[in-house]
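# Descriptive analysis of the structure
Take a look at the letters that make up each chain.
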Amino acid sequence: MSAGPEVSIIMPVRNEAASLDATLASVCSQVTDASIEVIVVDDHSTDSSRSIIERWVARDEHVRLVSNPRRGISQALNRGLEAARGRYLVRVDGHSIVPPDYVQALLDHIRSGACEGAGGHKRAVGQGPFGRAVAAAHGSRLGIGNSKYHYSQRQEPVDHIPFGAYVTEQARAIGGWDEELRTNEDYDFDFRYQQAGGRLLFDPAIVVDWRVRETPARLAHQYYAYGRGKFRTLVRHPSSLHLRWLVPPMLVASLAAGILLSWTRPARVVLALVGGSYALFLVVGAAILGSRVGMRLAPHAALALGTMHLSWGTGFLVSAGKAVLGRTPGFRRLRI
């Protein structure tokens, strides 16, 4: 460690006591020709996460504890970036499990000169019936759109990677993660990284297991925040727009308008057409996912899909409405 590590693994943590030991065990068991350090940034945890981290610091000389003076995922990541001594950095979340060759596989791609950032397949993992249905939805285009790291089977350049490896100085040159973003900070980071010349490569042979939300309420909260974050990213980077992003908010707006104006015949027609079509989509989508994970999970899959789409769309619309009214911190009022 005296010569300095080649790779800094940055792990932001807030209330991850249930999975933190397993995550740190997987991170500290990396088989690689690179020297590493593990920077765990405690983001004001109120459970036993900090004591778990301190136990690992005492046990393993590669593990370092950094406190985040401000609350937030982007702030925590930036504190880790400031503390990083490695030429390369790898982000890992506190509820993820990485295989022993994870760092080596990512590093090989960057060392080869093929890219300046590399990532792999984000494999969703759930435990209970609803959690397993959510995991199936995550791994399907039916659930969360066209992000290739969920389903692609070929190595290719992409616009976004999960839990990737990057060149530390290039990450610092773009200012790290945007601290005004509470969610979607990883996509925003990748977008700016590419604008600065960083090529991103996806390799499906590299797999990280990521635990999903196990209840409808927690899933709804997660996707509501994702929707809000996506609108903020779109305001910052209009050229990043994908038309698929507009489908959930249009669905929510159509259903809401149909319900609010249901005393009129046109609104009832819209509600019947949109609501009926979406109900059919959920039935077909649940059957497709059920055929993969067991038909007894099909009702859970329908609930998972509906929760994802409607929560994401609602979050997007709420963020758009606040921006138009000038009530979003860090944003000027949008004119329409």
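Before going into details, it helps to say that this report is about the structure given with it. (Residues numbered from 1 in each chain as written. Predicted model: local features only at pLDDT ≥ 70, side-chain atom pairs only at ≥ 80, totals over all residues. Heavy atoms only, no water.)

Further remarks concern the overall build of the chain. Helices and strands together make up the secondary structure of the chain, namely 12 helices and 9 strands. Taken over the C-alpha trace, the chain has a radius of gyration of 21 Å; the compact-globule value for 336 residues is 20 Å, and the two agree within 12%. Across its three principal directions, the C-alpha atoms of the chain cover 75 × 50 × 40 Å. Here the chain holds 336 residues, and 51% of them are scored as buried. Accessible area of the chain: about 15,500 Å², with a carbon and sulfur share of 58%. Each charge sign in the chain was given a centre, from 39 positive and 29 negative side chains, and these centres are 11 Å apart. (Helix = DSSP H or I, 4+ residues; strand = E, 2+ residues; numbered from the N terminus. Rg over C-alpha atoms; globule rule 2.2 N^0.38 Å. Buried < 20%, exposed > 50% of the residue type's maximum accessible area, 1.4 Å probe, protein only. Areas by Shrake-Rupley, 256 points an atom, 1.4 Å probe, with all protein chains shown as cover. Lys, Arg positive; Asp, Glu negative; His and termini not counted. Charge placed at Lys NZ, Arg CZ, Asp CG, Glu CD.)

Before going further, it helps to examine the packing of aromatic side chains. One pass over the structure, following the stated rule, counts 9 aromatic pairs. With centroids separated by 5.0 Å and ring planes inclined at 80 degrees, the aromatic side chains of Tyr166 and Phe189 adopt a geometry described as edge-to-face. Taken as a pair, Tyr166 in strand β8 (residues 165–167) and Phe189 in helix α8 (residues 185–195) lie far apart in primary sequence, 23 residues in all. The exposure classification of Tyr166 matches that of Phe189, with both residues buried. For the ring pair Tyr187 and Trp245, a centre distance of 5.7 Å and an interplane angle of 80 degrees mean the geometry is edge-to-face. Taken together, the positions of Tyr187 in helix α8 and Trp245 in the loop between α9 (216–236) and α10 (247–260) put the pair 58 residues apart, joining distant regions of the chain. (Phe/Tyr/Trp six-rings, centres within 6.5 Å; stacked < 30°, edge-to-face > 60°.)

Covered by surrounding structure in strand β4 (residues 88–91) are Tyr88 and Val90 together with Leu89 and Arg91, the residues of both alternating faces. As defined by bridge partners, strand β1 (residues 7–13) adjoins β4 across 4 bridges and the pair is classed as parallel. The residue of β4 that forms the bridge with Ile10 is Arg91. Sheet topology note: the β4/β8 ladder contains 3 bridges and is antiparallel. Each residue of the ladder has a partner; that of Leu89, found in β8, is Tyr166. (Pairing = 2+ DSSP bridges.)

It is worth spelling out the nonpolar core at this point. Val7, Ile9, Met11, Val38, Val40, Val90 and Tyr102 are the most contacted members of the largest nonpolar core, which has 77 residues in total. If sequence neighbours within four positions are ignored, Val7 has contacts with Ala34, Ser35, Ile36, Glu37, Gly86, Tyr88, Val90, Val103 and Leu107. In this structure, Ile39, Ala76, Ala83 and Ala84 belong to the second largest nonpolar core, which totals 6 residues. (Core = buried A, V, L, I, M, F, W, Y, C linked by side-chain atoms within 4.5 Å. Contact = heavy atoms within 4.5 Å.)

The next thing to look at is the environment of Ser152. Tracing the chain through its elements places Ser152 in the loop between α6 (141–144) and β7 (156–157). Taking the C-alpha atoms as reference, Ser152 lies 9.7 Å from Gly139; in sequence the two are 13 residues apart.

What follows concerns unusual backbone geometry. Despite not being glycine, His44 has its phi angle at roughly 60 degrees, a positive value. The residue His44 is located in the loop between β2 (36–42) and α2 (49–59) in this model. Phi angles above zero are rare outside glycine, and Asn184 is one such case at about 65 degrees. Locating Asn184 in the fold gives a position in the loop between α7 (168–173) and α8.

Side chains of Leu260, Leu261 and Trp263 sit close together on the surface and give an oily, nonpolar patch of about 410 Å² of accessible area. Tracing the backbone through its elements, the reader meets Leu260 in helix α10. Judged by its relative accessible area of 68%, Leu260 falls in the exposed class. (Patch = residues over 30% accessible without salt bridge, like charges linked within 9 Å, V, L, I, M, F, W, Y side chains within 5 Å. Salt bridge = Lys/Arg side-chain N within 4 Å of Asp/Glu carboxyl O.)

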